[in-house]
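Summary of the model geometry
Here's the letter readout for the chains.
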Amino acid sequence: MISSKKFWLKKSQILDWDKFPTEVYLKKKLGADWYRDGKLNIYKNCITYNLKKKSKNAIITISKDKKVNYYTYKNLDKKVNLFISYLNKNFHLKKNKEFRMMIHSSSTLESAISMLACAKLGIHFSVIFEELEEEAILKRIDLFNPDCFYTRQDISHFINKYKKICKIHKSKIIFDENFKKNEKKINVVKFENKSFKSMKNFFTLFTSGSTGAPKGVTHAMGGYLVYSKFTCQEQFGMNSKSIALTASDAGWINGHTYALFGPLSC
């Protein structure tokens, strides 16, 4: 009978590691450390690895008016790098190693682009629902303390509705509409895929807060992506030719695992 450690060490090989792990997991009081000596880049596993498939679609979106848009891996990579360059212009990312971003974007192409940008650069991020009220957003900002608050809502609506959010903390608000207005003026900066330790913090998701203060659960990189890809393949039968209908909001764990990182890694 194969031990759980041997099983998960073997399953780690489904990823493209920069440094393959030799350790599997170390149990701790809260959670466990997974593949501690391994190094990888999640963006490389999800996007860069697939750039050679020039015509292959990475994401297909369907709007409320039933308009269908197709984005190849190359299209998506271009959009992610453009967004990264915009962030870099505002925050000088190469100098800010502990940068954090809160994403107020839900089930949209914009949420996918911003989450993938964070994966490429190793930015610790947190996605929150667009429908949250002011108090709920403020609580999550207090807990996560982001450097950047990225929102898809239009400027006038957001500022009128969330005046306190615009004043508190050191968080700088980035409006998607400003980004899109200035796309043609952005000087695209080349950011290579860095190699990150498996236990580097990847993202934090907060509970609903319906039973008290919202609680943040933080996921590290290596163990998260191994389990995401493994369950996509074993539980859902995904492979490189699959098209997965992913209707989950990015504010949920399923919107991370089975609507973005898991399917793209397959």
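Notes on the structure follow.

Criteria and thresholds
- Residues numbered from 1 in each chain as written.
- Predicted model: local features only at pLDDT ≥ 70, side-chain atom pairs only at ≥ 80, totals over all residues.
- Heavy atoms only, no water.
- Helix = DSSP H or I, 4+ residues; strand = E, 2+ residues; numbered from the N terminus.
- Rg over C-alpha atoms; globule rule 2.2 N^0.38 Å.
- Buried < 20%, exposed > 50% of the residue type's maximum accessible area, 1.4 Å probe, protein only.
- Pairing = 2+ DSSP bridges.
- Patch = residues over 30% accessible without salt bridge, like charges linked within 9 Å, V, L, I, M, F, W, Y side chains within 5 Å.
- Areas by Shrake-Rupley, 256 points an atom, 1.4 Å probe, with all protein chains shown as cover.
- Salt bridge = Lys/Arg side-chain N within 4 Å of Asp/Glu carboxyl O.
- Core = buried A, V, L, I, M, F, W, Y, C linked by side-chain atoms within 4.5 Å.
- Contact = heavy atoms within 4.5 Å.
- Lys, Arg positive; Asp, Glu negative; His and termini not counted.
- Charge placed at Lys NZ, Arg CZ, Asp CG, Glu CD.

Turning next to the overall build of the protein chain. From N to C terminus, the protein chain includes nine helices and twelve strands. Against the 2.2 N^0.38 benchmark of 18 Å for 266 residues, the protein chain shows a C-alpha radius of gyration of 18 Å, consistent with a compact globule. Principal axes of the C-alpha set define a box for the protein chain whose edges measure 60 × 45 × 40 Å. Here the protein chain, with 266 residues, has 47% of them falling under the buried criterion.

Bridge analysis of strand E4 (residues 57-62) against strand E5 (residues 68-72) gives five bridges, and the strand direction is antiparallel. Residue Ile60 lies in a different strand from E5, and its bridge partner there is Tyr70. Count of turn residues in the E4/E5 antiparallel hairpin: five residues, of which Lys66 carries a positive phi of about 70°.

If you check the backbone angles, Lys66 has positive phi at about 70° while not being a glycine. Inspection of the secondary structure assignment puts Lys66 in the loop between E4 and E5. Among the residues examined, Lys66 registers a relative accessible area of 70% and is labelled exposed. One non-glycine residue, His92, lies in positive phi territory at about 50°. Secondary-structure assignment places His92 in the loop between helix H3 (73-91) and strand E6 (100-104).

Attention shifts here to a nonpolar patch on the surface. Taken together, the side chains of Ile60, Ile62, Val68, Tyr70 and Ile243 define a hydrophobic patch exposed on the protein surface, amounting to about 530 Å² of accessible area. Here Ile62 lies in strand E4. The class of Ile62 is exposed, set by a relative accessible area of 61%.

With that settled, consider the nonpolar core. In this structure, Ile42, Met101, Leu116, Phe125, Phe202 and Phe261 are the most contacted members of the largest nonpolar core, which totals 58 residues. When near neighbours in sequence (up to four residues on either side) are disregarded, Phe125 contacts Met101, Ile103, Met115, Cys118, Phe144, Phe202, Phe203, Thr204, His256 and Phe261.

Glancing now at a positive patch on the surface. Taken together, the side chains of Lys54, Lys74, Lys78 and Lys79 define a basic patch exposed on the protein surface. Counting through the fold element by element, Lys78 comes out in helix H3. Take Lys78: its relative accessible area is 65%, and that puts it in the exposed class.

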